[in-house]
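Residue strings, one per chain:
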Amino acid sequence: MPALLHYEIVTDPTSLHVSTDGVPSVGTVYVIASNSHQASVNWQYIEIEIPTGKDPEHLTENPAAINASISQTGGRVWRVAPSVVREGDSRFRAKDPYDDWVALRGGEALVLKLENIPVSRAEGLVRLSIHERSYGGDAVVAERSGHYTTTLGVTKQTSKAPRNFRAETSLLDADAAAPLVLQWDGPNNLDYWVLDAAGNEVHHAPASRQGPVTQDSYSPFLDAPQRGTTYTLVAAAADAGRPQAGYFLTTTVHALVPEFGSGTRTPWIEGVADKGRVRFSADGVEVQKVQDGNHVPGRVVADSTDVQSVKTVLVRGRGEADGWIDFPASGINVFRGPQQEAGNVTANQADVSSVKTKWVQGRTDSAGWIDFPDTGIEVFHGPNRDLGTVDADTVKSRQVRGRGEADGGIDFPASGVNVFHGPQQEAGTVTAHRADVTGVNTAWVQGRDGGAGWIEFPPAGVNVFQGAGSRQWGTVAAGKADLDDLVTARALVKERLTIQGGLTVGDVLETQEGPSRLIVHGRLEAQDEVHANRGLVVDGDLTVHGDVRPLRNLEVGGTVTASDLTVGGKLTTGGGYALTVHGESVFEEKVNANENLSVRSGGEWILHVSEEKVSVRDAFRVGGESAFHGKVNANDHLSVRSKTAGWILHTADEKVAIQADLRVHGNLHADS
């Protein structure tokens with residue numbers, strides 16, 4: 001006779017992978033026992049026996065590592081949950097902790113789980129034996145002294161996917177023509193492509209289309225890369241083509257001396273033997289040497305140097321008698337020979353900030369020359385000190401003015417320039433077609449005519465006015481404004497308004513940073529649905545003429561009025577407010593009444609729970625199986641009835657009447 005329960009087996013992964021060298025395989029076996037009867041099946045134990053060893057028919061060599069557990073499907077919760085205990089090394093028995101019988105109702109199921117199974121190494125079919133001791137079911141099978149046995153099977157297979165994609169040597173010397181050897185393991189019925197970092201195909205291994213599928217090792221030889229490169233192994237079913245490929249593995253190799261086509265970024269470069277460094281600072285490069293364990297400024301040796309700027313203590317020729325240049329804080333000193341005698345500067349052009357000399361003259365005696373008296377400079381030409389002409393792109397002067405006393409002038413204070421006119425140096429007027437300046441200090445700026453708009457600069461910022469009227473506000477037109485604060489009498493947004501921080505409207509509406517949150521301090525009314533993906537908090541009343549659907553929390557300080565109320569997480573009411581449901585209520589999980597629970601109809605109570613007591617005012621009917629683990633008292637009458645035979649057992653007036661067969665499986669005791 002077959003077992004009373006029906007068994008199915010599922011594994012994770014679907015086909016268990018055998019362990020290989022260096023690659024242990026761990027899997028899980030699920031045994032699902034279901035009651036396909038209408039009546040309950042009572043079971044004392046369900047035992048799984050697994051074969052252990054190294055052969056193809058064995059599941060594992062180490063059954064001690066297996067973790068076994070049991071769980072129930074459906075909404076009913078066990079009063080006392082069964083557990084799984086070991087019976088020897090290879091048998092796992094699920095049973096009641098007190099060895100009592102466990103009822104599995106019609107249509108219910110349970111799951112026996114074997115986790116952390118170290119799968120053995122040989123491929124093959126593994127047969128598991130299920131031993132069940134039970135009774136009941138639709139045929140009302142009596143309790144058996146032995147057990148039923150069911151045999152189920154699982155398979156162990158070698159992985160059908162490629163694995164272990166790697167380089168034989170990850171660091172290669174391309175200058176020495178070292179080859180790159182890429183290796184992987186996988187079934188021979190797949191096409192394999194190797195792609196470089198740019199997606200170019202560098203190797204193709206076609207699938208084998210004859211004979212059985214075998215696990216092969218691949219190791220093609222490729223040219224070594226010039227720098228660090230990540231290679232991708234693409235595997236696909238034969239003739240599938242790379243666009244439909246199903247497996248991608250990557251590995252990275254490095255060049256001993258990398259070569260880059262477009263530069264590299266690094267804070268510094270250090271030598272291998274001498275540890276000298278080239279450091280990249282914010283303003284250029286620094287050459288450093290090692291001294292007393294620290295990196296200090298070092299020496300640059302080169303045949304030619306082309307730089308924008310050089311900082312050094314001195315510059316001199318290669319010989320001791322050569323001229324040299326010293327750089328004191330005041331400028332430069334030109335010397336010659338070892339005695340530091342003043343030397344000559346010979347140049348086609350000199351561009352310096354300061355020169356100290358008695359006079360300066362052109363190369364010939366008739367050339368113009370400049371003398372430097374205490375009062376400033378005097379420009380002459382020829383040998384007779386005739387006044388000469390100054391022709392220059394730039395002139396530095398404290399003041400420039402016209403030849404007459406009433407002419408305008410320009411003064412050059414530290415802050416810039418002052419334009420004035422007349423002997424009293426009254427402020428003058430600057431007239432120009434265009435001015436390109438870094439800063440302008442002025443009381444106001446206006447267009448060219450009196451009707452043009454103008455800008456005033458008070459301490460608080462800027463004021464924009466119209467040209468017409470007296471200080472009438474003007475309009476600022478711009479493509480974009482980036483402000484810390486905006487204070488305005490009214491605002492019109494013609495397109496989308498996006499607020500990245502918070503939004504506060506008086507003390508009525510508020511948003512906050514962090515998780516999405518809307519706080520309404522008054523009454524919130526909506527004519528349609530209100531959706532809140534995270535939280536909806538209303539300090540006052542919430543009135544919605546459509547649906548309220550917060551996916552998480554709903555907190556309302558006042559009254560909730562809605563056509564439908566759907567709360568995906570928790571429903572929170574407080575402050576003396578109640579939740580009133582005028583229609584049918586369905587609770588999918590546990591309902592806790594921490595104090596009183598009352599069920600009423602028409603204003604009168606039917607069922608009441610208070611002080612750990614359950615009171616039923618009307619008839620008490622149980623439609624399914626009932627279990628009473630303590631004493632059951634019937635203070636008046638107790639009747640057991642059947643839908644077809646009428647009453648079976650009846651107690652009344654201290655008598656017990658039985659209108660059916662009386663079966664006693666144990667001893668029957670009677671005091672009289």
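Reading the values: rules and limits
Residues numbered from 1 in each chain as written. Predicted model: local features only at pLDDT ≥ 70, side-chain atom pairs only at ≥ 80, totals over all residues. Heavy atoms only, no water. Helix = DSSP H or I, 4+ residues; strand = E, 2+ residues; numbered from the N terminus. Contact = heavy atoms within 4.5 Å. Core = buried A, V, L, I, M, F, W, Y, C linked by side-chain atoms within 4.5 Å. Buried < 20%, exposed > 50% of the residue type's maximum accessible area, 1.4 Å probe, protein only. Phe/Tyr/Trp six-rings, centres within 6.5 Å; stacked < 30°, edge-to-face > 60°. Lys NZ or Arg CZ within 6 Å of the ring centre and 35° of its normal. Pairing = 2+ DSSP bridges. Polar contact = N/O pair within 3.5 Å; in protein donor to acceptor, adjacent residues only side chain to side chain. Axes fitted to C-alpha atoms, helices over the stretch in contact; angles between N-to-C directions.

Asks: Could you clarify how one ought to interpret the environment of Val41 in this entry?
Replies: You can see Val41 is positioned in strand β4 (residues 41-49). With 63 residues separating them in the primary sequence, Val41 and Leu104 have C-alpha atoms 5.3 Å apart. Beyond its immediate stretch of four places on either side in the chain, Val41 contacts Leu4, Leu5, Asn35, Val102, Ala103, Leu104, Ser134, Tyr135 and Gly137.

Asks: I keep staring at the nonpolar core and nothing clicks. Help me out?
Replies: Nonpolar side chains in soluble globular proteins tend to be buried together. Core analysis: the largest hydrophobic core is formed by 33 residues, its most contacted members being Tyr7 and Leu110. Only β3 (26-34), β4, β7 (91-95), β8 (102-104), β9 (109-118), β10 (124-136) and β11 (148-157) provide two or more residues apiece to this core. The contacts of Tyr7, once residues within four sequence positions are left out, are Val31, Ile32, Ala33, Ile46, Ile130, Glu132, Thr150 and Leu152. Counting 17 residues, the second largest nonpolar core, distinct from the first, contains Leu172, Leu180, Tyr192 and Leu233.

Asks: Sorry, what's going on with the packing of aromatic side chains here?
Replies: Aromatic rings considered in pairs are described by the distance between their centres and by the relative angle of their planes. Counted under the stated rule, the structure contains 10 aromatic pairs. Taking 5.0 Å as the distance between ring centres and 70° as the angle between the ring planes, the aromatic pair formed by Trp101 and Tyr135 counts as edge-to-face. With Trp101 in the loop between β7 and β8 and Tyr135 in strand β10, this pair connects stretches of sequence that are 34 residues apart. Residue class for Tyr135 comes out partly exposed when judged on its relative accessible area of 28%. When the ring of Phe465 is compared with that of Trp473, the centres are 5.1 Å apart and the planes differ by 15°; the resulting orientation is stacked. Over the face of the ring belonging to Tyr45 we find Arg93, whose NZ or CZ atom lies 3.8 Å from the ring centre. Geometry around Trp268 places Arg277 over its ring, the cationic atom sitting 3.7 Å from the centre.

Asks: How do you make sense of the pairing of strand β16 (residues 201-205) when you look at a structure like this?
Replies: Side chains on a regular strand alternate between the two faces of the sheet. In the sheet, strand β15 (residues 190-195) pairs with β16 via 4 bridges, with the strands oriented antiparallel. Bridging from a neighbouring strand, Leu195 pairs with Glu201 of β16. Following β15, the chain reverses through 5 residues before pairing antiparallel with β16; Gly199 in that reversal takes a positive phi of roughly 85°.

Asks: How do you make sense of the sheet that holds strand β27 (residues 333-336) when you look at a structure like this?
Replies: In any sheet, the strands associate via hydrogen bonds between backbone groups, in a parallel or an antiparallel arrangement. Overall, antiparallel pairing links the 4 strands, which are arranged β25-β26-β27-β28 in an open sheet. Of all the strands in the sheet, the pair left with one neighbour each is β25 (314-316) and β28 (341-342). For strand β26 (residues 324-326) and β27, the ladder comprises 3 bridges, and the chain directions are antiparallel. If you follow Asp326 over to β27, its bridge partner there is Asn333.

Asks: Mind showing me how you'd approach unusual backbone geometry here?
Replies: Most peptide bonds take the trans configuration, and most residues that are not glycine carry a negative phi. Asp12 connects to Pro13 through a cis peptide bond whose omega is 5°. With respect to the helices and strands, the residue Pro13 is situated in the loop between β1 (6-12) and β2 (16-17).

Asks: Looking at this structure, I do not really get the environment of His521. What am I missing?
Replies: Inspection of the secondary structure assignment puts His521 in the loop between β42 (517-520) and β43 (524-526). Note: C-alpha distance between His521 and Val538 (17 residues apart in sequence) is 6.5 Å.

Asks: Explain the side chain of Thr11 here, please?
Replies: Relative to the assigned elements, Thr11 resides in strand β1. In this structure Thr11 comes out as buried when scored by relative accessible area, which is 12%. Within polar-contact distance, the side chain of Thr11 engages the backbone oxygen of Pro13 at 2.8 Å. Apart from residues no more than four positions distant in its own chain, Thr11 is found in contact with Leu16, Thr28, Val29 and Val154.

Asks: Please explain the sheet that holds strand β23 (residues 284-291) as it appears in this structure.
Replies: An order of β21-β22-β23-β24 is seen for the 4 strands of this open sheet, with the pairing classed as antiparallel. The open sheet terminates on both sides in strands that have one partner only, identified here as β21 (268-270) and β24 (294-297). For this sheet, the mean angle separating the axes of adjacent strands, direction not counted, is 30°. The sheet contact formed by β23 and β24 spans 4 bridges and is antiparallel. In the strand pairing of β24, Gln288 is matched with Pro297.

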